[in-house]
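# Breakdown of the fold
These are the residues of each chain, in order.
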Amino acid sequence: MSWLTRVFRRRASGEDITLLRLRTTRFRQLLGSYASLLALLEDAADKQGGGYILDRQYVIALVEQVAELADAVVFDLNVITSHRNLPFYEVADGLRAQLRAVLAQGSGGGSDTVSEVRTQTAVPLQTVSPSTLAAALARSEVLYRQSGHVACRGVAAGPVCNLSDGRQSGALPPGSVLVATDVEVEQAALAAGRAGAILLDLGSAAGTAARLARELRVPAILGLGDATSRLATGTEVTVDADENVVYRGRVNELLDYYRSGRPGGEDEEEYQLLRSVREAAFPLTVGAGRTEPALSDCRTVRDLVHLAHGLAGDALHELLSTERGGTGTLVRLGGPAWCEVRVVHLDGLHRSDPSGGIMPSEVRSRPLRAFLEGFSNHHGTSSAGHHGADHHAAKHGAGEQRMPGLAPCTLRAAATDEHALAVMTLSRGFDMLDATAGGGRESNTVYCRFAACGDGDPEAARGAVAAGVLMRLGFAVSVMAGQASGWLRGLPWAETEDRVRIVGYLFARLARPGTAGWERSAVEPDVEAFMRSCA
Amino acid sequence: MIAATRPAGGDLLRHRYRVLRRLLAANSEMLELMADLEADLAHLDPGERAIRQPVQRLLDGSLLLAENLNILTGGAHRALYAAHAGIEQAVRSALRAFPDPTALPFVLPLEDACLERIREVGGKAANLGRLRAVIPAVIPAGFVLTTAAYRLFLAENRLQEPIRKLFKDLSLITGRRLFKERTAAIRALIAASPVPGPVVEAFGAGVRLLGMNPPSLWAVRSSAVGEDGRMSFAGQFDSVLNVPTDALASAYREVIASRYNDHAVLYRLAGGFSEVDTPMAALVMPMLDARAAGVLYTRDPNDASADRMLIDAVAGLAEAMVRGGAVASSVLARRSRPGEFEARARHDQHDGTAGARSAPSGFPLGAGEVRELVELGLRLEAPSGRPLDVEWVVTQGGALMVVQCRPLRAVDRESQGGPPADAREPAAKGGMTVFPGRAVGPAHFARTDEELMGAPDGAILIVPQAGPELAAVLPRVAGVVAEQGNPAGHAAALIREFAVPSLFGVPDAMGRLGSCHALSLDATQRIVFEGSLWPEVRERVRSRIRHLPGRHLENPLHERLLVLNLTNPLASTFRASACRSVHDIVRYTHEKAVAAMFDLGDDAGRQGPRRVCRLESDVPLELAVLDLGAALPPAGHGRRTVRAEEIASPPFQALWRGMTRPGVSWAGRTQMGVGGFLSVVASSMSDPRAAVREVGGRNYLMVAPDYVNLNARLAYHFAMVDAFVSPVPENNFVNFRFRGGGAGHERRSLRARFLAEVLLRSGFGVDRRSDLVTAWLRRYPRERSEEGLTMLGALMACARQLDMLMRDESAVRDFVDRFLQGDYAAFV
Amino acid sequence: MSETLRVMVVDDEPIVGRRLRPVLEKLGFEVEVFEDPVLALARFAEGRFEIVVSDIRMRGMDGIALLERVRAHAPRAKVILITGHPSPEVAAEAMAKGAFEYIAKPFKTDALRRVVERAALSLGEMPPPSSSGSSEE
């Protein structure tokens, strides 16, 4: 394609700039859709928790939103790749139909038939009258109200067994209320079977403990913050996980009320439906191995969207990196020229840059400037930045004293004042950053992607190192075929730029793995070493 | 080559439908963003991040919209890219010109508070600061705690979120109790928040600005951005007086809290300001040792054209008068002869005739002082030429000082008008006066929100129904004429707040005034004339709008993002290269995309052999059904037919309901032409007479869950329906085109007249050229759009043979009535 | 203390009534639950209900219509509308027609609890007994 050769010419023609602007903008929109999908995922997990009353309409709306996002992503992918991925549409349509089928199945045994049978005149079956119940509750001391997240609904009372004072979960008396900071899987499995209820300081509605509690149908409230310090072993409490309340003592009226009238502890149909929809839409089921998955492997919307975002990224990389010669404005990093950095400005306002190039501090784009600061900081301070005592850092530090004969890598960026897209071409694959910083919180976003393998790295452990670092930085991380992608949004301007700076540093650190290559066994120490080195 | 590639062959139709859907989704998102930004720009500094974000999204979104349109049309609108680049460049330069608000100072001396810094110092301080720069002797020294300090106060105490939450869903119509509860909660929040250290330090710095011997007592007043003293009694509720230096910070907090008084909040809600982001500054001035104080209106508020000023005065501090603690005496002073009185004072029952030479007894000012005050009033008025409301003080030392100065909203007797001067025939009359007065301006008709947003400054707005959405444009229109509206409703309350001459309940105003370009409205007499009758009124309207807060600096963001220049799709200026704003691009792409979809049927014919289903029904219409989305049930083995009820497409079902309505007959005298005919019909919307094509015998029906496109040859004529109907009104459209027939030209034309009349009366927009009728419904809610489709279904059937039945003009009227009454038997 | 307040919950999705009943009974209210708005209205006419919690989009009759009928019949009754399709227009219409509050689904039970408590307070009744406990946040 003839324009590709022209894109990076120093005085690129207006049409080339327009194309680059169109493609980068659309790619950003695609990433935004993916981020919205992740936000829906989180929101749905939150709603699943049980603190909310949700109805079938919510689940239906969720399905439509998810399908709509898939459509938008597939459309953008096709525009970016000049309609080379039309089969994605069929798969997206298929997934939409599949999600709707989940809804239809859910209603199959459904509410419609049941509701007709159910009596309409509502005669309370409760043996405890509301006024008695309310009076009893009013007398009771409230320990927590709306302080945590409900992981599993239900009501139970019993003596507290506080695991934080060294007690083993095996010693949990049956029917007691388990109180702990957090619980490991095995511990929870062991304990939850006997516990009447669970109260945790930490934990979220989507975590392991929550899942276990739901599976075992034990009323559970997580994330209370200070349950272990407030509730001593032996204290009698009543847990009302239907309403996210914990009372001191045993509120018999409440227990009687539920015993006589409460529908079973099982999840309601709507919640089961939500769970089925989440399972059908959100998990990443492909790409656990090291090979690139195919379109036909996609079983969830997330699979499809993830695959699409990868292909779109490939196309952007191709567009930005095809022409290797003098393209864009040169950015001088100082020190030995191990990486050639060039920037194309897309906002039409940029004055012509000096032919000798500019310094990173002269880059107008704020996110790109932050990125290059991190990127070049690594280079400039390669010896000072690493703690010699650390084995892994030392190993990589040695790798950075690169020999003059090595082929330099290239980093290409397209930027506006508040946005930057950068790709770094490696011998196998590429790393990519797309960052926006400069608007309000919600508009500050960072996306980055790291190739699976480095030089002499058959295990795809490089991506795992990147994923580990990104997770520490608060990114939502997905790994497909060893390749790590991370999203971050919603941080204030300055904090966003800090993360971008660290990502720039990570780019530089990962550019060369050192002579030994990456080892899967060393991923965790490598991540630790990196985090220490940027502290 | 940019964005022009698209798939070939059989997928083309589905592809175009997908592009359309994405385009429409983006279109409504853009409209929402623009509405939000419009409100924000009225009171937020463009340098703020909260502004940059929607601006960025608008720039990106409109660029991708342009690309979508080019994909849809095979690159027919590439000029949009250049237009977009121009817009983007202008917007970016504008944004770069605004400093980062975090770098702005917390305190400024009053004399530095100029109009250019109004977003930092607020309207009150800017007015005074400007005067202090010109006439320093009469304006006390002082300093301003800027909006940057206010932002820090909110941020440090994390108040934005709670305030935002409390204001959630709060509108003019919220229950009174809820409203009061929430405003009280906000005041309590503020009262409980400490003033941050840097702001306390800023007070110290401000005090030092006043020299070595700063005063010991101060007055702290609010100076808000975006209000500019337009509120009738601003200043009374948000001042704290006699504040010792060490209590300045807590007085400041009191002033901030007073911004959440019920009336202040109501006012801002009426003005469409979003609460938490409306920044405010505080003006701090030394307390003056007053011998007398009061208010000077440089025009008589009851008759602005009269040669007099009104002076209210009280001994001591004016605050007592304002609070009702002391009775003020007032005099009317001659403007043309400073020092002379004109009429009798209001509260003194002394006999004061016009032209009295002396002040009434008990008046706290001497004649010399009155002269001085009147002369000062004239000097203050001079730069703007507008009447002012001036708060003044005469110190024990006899010095005349101004402590507040804002525009006066006086009633203009002339503009209230007596009986109409000339005996012209009014273009419309009747209804009820919501706010009296005269207005002159261009007529602007608005049925939809988008049309409303497109109202030019100074327009006379004509709407079918006056609703609260008027708030968005009220500050900048000259007058309102509504066919319907509740004089006790919210729109009316807003109209009175903004003092816009308005009539509600003017019968058929849209129709009667439809042909007028300029209008002269006399809301007092309840009449509307065509043309521009009272030039002096027009001038006043213009000046009012020019001085609106928020647009004092010809804001390029406003101009390049929100202003709609391409209002008329039929005009020759409706071109890609003429797009000057993001709003233009949004409007242009929507219009052109919808037009492009009209041609879908042509492409269907060109598809050649492909798998389609035949519609199985009693209607003798050979319809090939093409599924664009998921509207058809999964294809069974070799299934070639589908029943109408199996098509999951509400817009199709609506159309079909009309086609099969009881009484509607398709069994005509002539059998349906199934193949064999060659007919010449128009196929291009932009120039219906140009492009022509041959029509085969097949009729195409393209369906998706939210879309229907019917392309049918019915006997000798050609009909097309193209509709997108979703829950989002902004996206919806119903288009209809009808042409041709076997009868002679005369009768075809009669039928076209019949169609046009029925469509018009059913609320469609209609364009009729010879025997070609084009009609449309745009941006109506789902129900209304579906009703339109159902009507079209019946209309197509009834109009089929009509050219044979139609003989003369009276037959047209007769058939129109019959059709609208549902008497379909007449058409068989 | 005056008689116990009676609350009617109307939603054609059964889960809403099922989940709201215990929430409201714990506050001491007498609760009746309906899935059919027409039946609910008939019952409203014969019984004494002070507070109505209703969905907006329902088969048979929409919540706005229900609101209008309830207000016509018993102007003092507080009507709280909930909807899965929130929009400013509908919210405005609901409030204009006298709804006490407007809540978007999905909502937390606690959010509804607070609104119903406020409704009870604004009826001038004694606050339900448990509201002393609920004030502890």
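Structure shown above.
Right, let's walk through the structure included here. Quantities reported herein were computed from a predicted structural model and do not represent experimental measurements. (Residues numbered from 1 in each chain as written. Chains lettered and ligands numbered in written order. Predicted model: local features only at pLDDT ≥ 70, side-chain atom pairs only at ≥ 80, totals over all residues. Heavy atoms only, no water.)

## Quick notes on the side chain of Arg335(B)
Residue and element names in this part refer to chain B. Positionally, Arg335 belongs in the loop between β8 (329–334) and β9 (341–343). A relative accessible area of 12% means that Arg335 is categorised as buried. At 2.5 Å, the side chain of Arg335 and the backbone oxygen of Thr298 are in polar contact. When neighbours within four sequence positions are excluded, Arg335 is seen to be in contact with Thr298, Arg299, Ala306, Asp307, Arg308, Met309, Val374, Leu378 and Glu381. (Helix = DSSP H or I, 4+ residues; strand = E, 2+ residues; numbered from the N terminus. Buried < 20%, exposed > 50% of the residue type's maximum accessible area, 1.4 Å probe, protein only. Polar contact = N/O pair within 3.5 Å; in protein donor to acceptor, adjacent residues only side chain to side chain. Contact = heavy atoms within 4.5 Å.)

## Topic: the nonpolar core
Formed by 143 residues in total, the largest nonpolar core has its most connected members in Leu561(B), Leu24(C), Ile51(C) and Val53(C). When residues of this core are assigned to their parent elements, the largest contribution, 13 residues, is made by helix α3 (residues 56–80) of chain A. Setting aside its immediate chain neighbours within four residues, Ile51(C) contacts Leu5(C), Arg6(C), Val7(C), Met8(C), Lys78(C), Ile80(C), Val116(C), Ala119(C), Ala120(C) and Leu123(C). With 59 residues, the next largest nonpolar core counts Leu701(B), Val773(B), Cys798(B) and Leu802(B) among its residues. (Core = buried A, V, L, I, M, F, W, Y, C linked by side-chain atoms within 4.5 Å.)

## Brief notes about the packing of helix α22 (residues 745–761) of chain B against helix α25 (residues 809–821) of chain B
Residues and elements named next belong to chain B. Where α22 contacts α25, the axes come no closer than 9 Å and their chain directions differ by 40°. The angle between α22 and α25 falls in the class oblique. Crossing of α22 over α25 shows right-handed handedness. Contact residues: Leu750, Arg753, Phe754, Glu757, Val758 and Arg761 in α22; Glu809, Val812, Phe815, Val816, Asp817, Phe819 and Leu820 in α25. Here the residues of the contact of α22 with α25 are counted per class, giving 8 nonpolar, no polar and 5 charged. (Axes fitted to C-alpha atoms, helices over the stretch in contact; angles between N-to-C directions. Parallel < 35°, antiparallel > 145°, perpendicular 65-115°, else oblique. Left-handed = near helix turned anticlockwise from the far one by under 90°. Nonpolar A, V, L, I, M, F, W, Y, C, P; charged D, E, K, R; others polar.)

## Topic: the pairing of strand β17 (residues 483–489) of chain A
Residues and elements named next belong to chain A. With 6 of 7 residues buried, β17 is to be regarded as a mostly interior element. Examined bridge by bridge, strand β15 (residues 445–450) and β17 share 6 bridges and lie antiparallel to one another. Bridge pairing links Thr445 to Arg489 in β17. Looking at chain direction, strand β16 (residues 476–480) and β17 are connected through 5 bridges and run antiparallel. Looking at the pairing, Ala476 lines up with Trp487 of β17. Between β16 and the antiparallel strand that follows it, β17, lie 2 residues; Ala481 among them carries a positive phi value of about 50°. (Pairing = 2+ DSSP bridges.)

## What to know about the pattern of salt bridges
If you walk through the whole model with that rule in mind, you get 66 salt bridges over all chains. With its nearest N and O atoms 2.8 Å apart, the salt bridge here joins Glu141(A) to Arg248(A). Here Arg248(A) lies in strand β9 (residues 245–248) and Glu141(A) lies in the loop between α6 (130–139) and β2 (142–145), a separation of 107 residues in the sequence. Glu141(A) sits in the partly exposed class, given a relative accessible area of 39%. Exposure remark for Arg248(A): the relative accessible area of 38% places this residue in the partly exposed category. One salt bridge in this structure joins Arg462(A) and Asp431(A), with 2.8 Å as the shortest N-O distance. Of this pair, Arg462(A) sits in helix α15 (residues 461–472) while Asp431(A) sits in strand β14 (residues 430–436), and the two are 31 residues apart along the sequence. For Arg462(A), a relative accessible area of 1% translates into the label buried. Ionic contacts of the salt-bridge type, sharing partners, join the residues Glu64(A), Glu68(A), Asp71(A), Arg96(A), Arg100(A), Arg21(B), Arg22(B) and Asp706(B) into one network. (Salt bridge = Lys/Arg side-chain N within 4 Å of Asp/Glu carboxyl O.)

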